[in-house]
Amino acid sequence: MPAEQWSTGAGRGALLARPGAAGPAAETEEGPQLLTGWGRTSPTVAEVVRPRTREEAADAVATAGPRGVISRGLGRSYGDPAQNAGGRVLDLTGLNRILSVDLETGLVTAESGVSLHSLMRALVPFGYFVPVTPGTRYVTVGGAIGSDIHGKNHHADGSFAQHVTSLDLLLADGSVRTVTPESDPELFWATAGGMGLTGVVLAATIRMVPIETSRLAVDTFKLPNLDALMEKLAGTDADYRYTVAWMDCLAKGPKLGRALLDCGNFATLDQLPAKHRGEPLAFSAKPMASTPDLFPSGLLNRRTIAIANEVWYRKTPSTHHHLATIGGFFHPLDGIRDWNRVYGKAGFLQYQFVVPFSADVTFRRMVERISRVQAPSFVSVLKRFGEGSPGYLSFPAEGWTLALDFPTGTPGLDRLLNWLDEQVLSEGGRVYLAKDARLAPAHLSAMYPRLDDFREVRAKVDPHGVFVSDQSRRLAL
Amino acid sequence: MKDALGSAQSLLILGGTSDIALATARRMAAAKTKRIVLAARPSERLDAAAADLRAYGAEVETVAFDAGQVEEHEKTLGAVFAAGDVDVVLVAFGVLGDQASDEQDPVAAAKVAQTNYVGAVSSGLVCANALKKQGHGSLVVLSSVAGERARKANFIYGSTKAGLDAFAQGLGDSLHGSGVHVMVVRPGFVESKMTAGMEKAPLSTTPDAVAEAIISGLRRGSEIVWVPGALRYVMSGLRHLPRPLFRKAAER
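Quick look at the structure, then. Throughout this description, residue numbers start from 1 for each chain and increase along the sequence as written. Labels are handed out in written order, letters beginning with A for the chains and numbers beginning with 1 for the ligands. This being a predicted model, a pLDDT of at least 70 is required before a residue's local features are given, and a value of 80 or more before pairs of side-chain atoms are given or counted; all residues contribute to the totals for chains, interfaces and linings.

Some thoughts on the overall build of chain B
To qualify as a helix, a DSSP run of H or I must reach at least 4 residues; to qualify as a strand, a run of E must reach at least 2; elements of each kind are numbered from the N terminus. Summing up its helical and strand segments, chain B has nine helices and seven strands in all. In this treatment the radius of gyration is a C-alpha quantity, and the globule benchmark scales as 2.2 Å times the residue count to the 0.38 power. Scaling as 2.2 N^0.38, a compact globule of 252 residues should have a C-alpha radius of gyration of about 18 Å, and chain B matches this with 18 Å. With respect to the three principal axes, the spread of C-alpha positions in chain B is 55 × 35 × 35 Å. Partly exposed residues are those whose C-beta has more than 12 but fewer than 20 other C-beta atoms within 10 Å; 20 or more makes a residue buried and 12 or fewer makes it exposed, with C-beta atoms placed from the backbone. Sorting the 252 residues of chain B into buried and exposed places 48% on the buried side. The contact rule is simple: place each C-beta atom from the backbone, and if two of them lie within 7 Å, those residues are in contact. A fraction of 68% describes how many contacts in chain B between residues 6 or more apart in sequence connect residues 24 or more apart.

Put into structure tokens, the structure is as follows:
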């Protein structure tokens, strides 16, 4: 039974569905623009078109020039998948309406430019949370599908696309196809994680998850070294839906791999203190403090990051329990708008890989090397993935996944990352395309064994290569 | 496409037998550069350079290119871009001439200008426009400290480099924001085939050192690169030296 219908018109629905109203300013400009990913590296120029309707989107694809077109949402991919040098980029943040909500089943249909932030604002008060959220709420539904994103609950719930029941895909020939995992599994799983290269996702139906309150009951464990951390992570996955470890990659010797492990579940009503029980599903979306674009490129370096890590590790009391908000638990960096600017104009690189659980020796060697060369990663996140996603180019696979970010000016960074690539390859692992900005094309097929299946689908639905991005050019996807 | 650390996948060299250009190409081929186009006048030397680079695993093609034939530039270089994106263009051709004899042979002197300046204006613009159209890429122009302040010992060559340097700087400004990056490289005295048999100048450098500086400049997105770096300060002093003193200093 469809309980609420929100459409494009005036009133509450329109207000709820406008993404980024309290978030980062949407790029609303059209015309030639210099674009980068969130890491602010490799800028290229494309003609930006911002469709407001399906027809405008279809028109923008039909009139794309020889250098093709690619979709872009809120620009949170770190590297170059949402830019298209010399071609056209479709800014989909104008397709920002929540089309329907079924409060009985938790199924919500939203246009692709709707952000997860907007979905939370609209639906948390009704007791529904997004099935998967990454470390930021400011990603769009389209981007979440294109990168088949994962979150702290991957071991329990899988990746985003596994909760998408249907999507409307604008194809290269201008037709719109409704694709479900049942009706056309090949096109569906090529699109999930397909980096926008099969077509433009116009809208999708997502199965939201029911929650009793908007707070999380969190246990934080302070772990003195890598062994303790890996053991604890393996032991906690069954008890908590959400787990993630924040690791200090600069710690050495006996402190190597020390970390804070956050484990949480949505709190039940009776876990809330009395003062919050009146409004158990409150979701506050505080306007964010902005970061000025004034930071010198070398501000974050091994010294400053080592100090920050030390302070942060020491100030955290050893194992403790607390209640956290959605923003505080899932999206700590969203509190600071444009936080990527603290890396200065030179930007930074994210590197996330996964290796199977059996590769724990290699994994340890990788952490040791990062520590030994003192490569300063400000945010280092370790997590255990559950079973992989069926998406042909989906990143998650069962095993250890570590996400790191490095200032681009880090000496020897190229060599370190090439070495990490080799370790990942030797263990049959892979790196995450939504974060990639430098992988060598030769490594791609070994990391993504279903690449040929992906290419086959793409050749069928886009034989002339209308959908192109800087990343697809760089990696010869 | 260039990656986030400035590594290019494709390289076009104008003046494909230049020692500096080939030292740069070898380094890039050993990293991530898989397509290299050497544009130069056909010669055995050119074929040998191509073979050398192929040994690094790059696909190398040679294109017949003559800096003096400006009418042909659009066609010759356009075909290179039509075959695929070019991430880095290195404008490396140039002749030193023979100052003493060229002073007595104005036609020969004009040929130096024709190659070093006129040829670079034409081919540089062809490449700049193609890069702008593809929305990304770097144009690296080999200038020289000789253009910073003309000396009587090599002012014909120096003046062509001064013109080229000014041209490249202006081009870089006009392309700002277009996704295309222009980098001017100003080496000092480079020990290479061009200067074989000449007396070394202070702060001299090698093709390998220049190549290293080009690669780090590409990574940083530098607009002007001096090789060695100290020349930047030396030349800024020399530039302001009063003429009588400069004449004395240039005597050596």
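A short note on unusual backbone geometry
Cis geometry is adopted by the peptide bond preceding Pro228(B), which originates at Val227(B) and carries an omega value of -10°. Looking at the element boundaries, Pro228(B) is found in the loop between strand 7 (224–227) and helix 8 (231–239). For Met195(A), which is not glycine, the phi torsion reads 55° and is therefore positive. Residue placement: Met195(A) occurs in the loop between helix 6 (185–191) and strand 10 (200–207). Backbone geometry places Leu203(B), a non-glycine residue, at a positive phi of 55°. Within the fold, Leu203(B) resides in the loop between strand 6 (180–187) and helix 7 (207–220). Leu203(B) gets classed as partly exposed once you count the C-beta atoms within 10 Å, which come to 17.

Digging into the interface of chain B and chain A
The partner chain A presents 22 residues to the 15 residues of chain B that form the contact. Polar here means any residue outside two lists: the nonpolar Ala, Val, Leu, Ile, Met, Phe, Trp, Tyr, Cys and Pro, and the charged Asp, Glu, Lys and Arg; Gly therefore counts as polar. A class-by-class count of the residues in the side of chain B that touches chain A yields three nonpolar, seven polar and five charged.

As for the pairing of strand 3 (residues 69–72) of chain A
Residues and elements named next belong to chain A. A two-sided burial pattern is seen for strand 3, the buried positions comprising Val-69 and Ser-71 on one face and Ile-70 and Arg-72 on the other. Two strands qualify as a pair provided that DSSP identifies no fewer than 2 bridges between them. Two elements, strand 3 and strand 4 (residues 88–91), share four bridges in a ladder whose sense is parallel. Bridge pairing links Arg-72 to Asp-91 in strand 4.

Examining the pairing of strand 14 (residues 259–266) of chain A
All names here are of chain A. In this sheet, strand 14 lies alongside strand 12 (residues 215–223) in antiparallel orientation, the contact comprising eight bridges. By the bridge assignment, Lys-222 is partnered in strand 14 with Leu-260. Strand direction decides the pairing type here: strand 13 (residues 242–247) and strand 14, joined by six bridges, are antiparallel. In the strand pairing of strand 14, Met-247 is matched with Ala-259.

Observations concerning the packing of helix 1 (residues 19–30) of chain B against helix 7 of chain B
Residue and element names in this part refer to chain B. Where helices are involved, their axes are fitted lines through C-alpha atoms of the stretch in contact, as for all axes, and angles between N-to-C directions lie from 0 to 180°. Closest axis-to-axis distance for the helix 1/helix 7 pair is 8 Å, and the angle between their directions is 55°. Viewed along their axes, helix 1 and helix 7 adopt a mutual orientation that is oblique. The element helix 1 and its partner helix 7 pack so that their crossing is right-handed. Facing helix 1, whose interface residues are Asp-19, Ile-20, Ala-23, Thr-24 and Arg-27, helix 7 presents Pro-207, Asp-208, Val-210, Ala-211, Ile-214 and Ile-215. In this scheme, roughly parallel covers angles under 35 degrees and roughly antiparallel covers those over 145, while 65 to 115 is roughly perpendicular and the rest are oblique. Take the far helix as the reference: if the near one is turned anticlockwise from it by less than a right angle, the crossing is left-handed, and if turned clockwise, right-handed.

Points about the nonpolar core
The nonpolar core criterion groups buried Ala, Val, Leu, Ile, Met, Phe, Trp, Tyr and Cys residues into a set whenever they are joined through C-beta atoms within 7 Å. Ranked by internal contacts, the top residues of the largest apolar core, which has 135 residues, are Val61(A), Leu119(A), Leu123(A), Ile145(A), Ala204(A) and Leu229(A). Beyond its immediate sequence surroundings of up to four residues, Leu119(A) is in contact with Val108(A), Ala110(A), Val114(A) and Val130(A).

Looking at the sheet that holds strand 8 (residues 164–170) of chain A
The pairing of strands in a sheet comes from backbone hydrogen bonds and takes either a parallel or an antiparallel form. Residue and element names in this part refer to chain A. Taken together, the five strands give an open sheet; going across it, the order is 5-6-10-8-9, and neighbouring strands pair in antiparallel fashion. Edge positions in the open sheet fall to strand 5 (98–102) and strand 9 (176–179), since each of these has one partner strand only. Within this sheet the neighbouring strands show an average axis-to-axis angle of 10°, counted without direction. Strand direction decides the pairing type here: strand 8 and strand 9, joined by four bridges, are antiparallel. Residue pairing in the sheet places Leu-167 in a bridge with Val-179 of strand 9. Strands in contact with helix 2 (residues 54–62) are strand 8, strand 9 and strand 10; relative to strand 10, the strand with the most contacts, it is inclined by about 135°.

Just distances and angles here, no functional claims.
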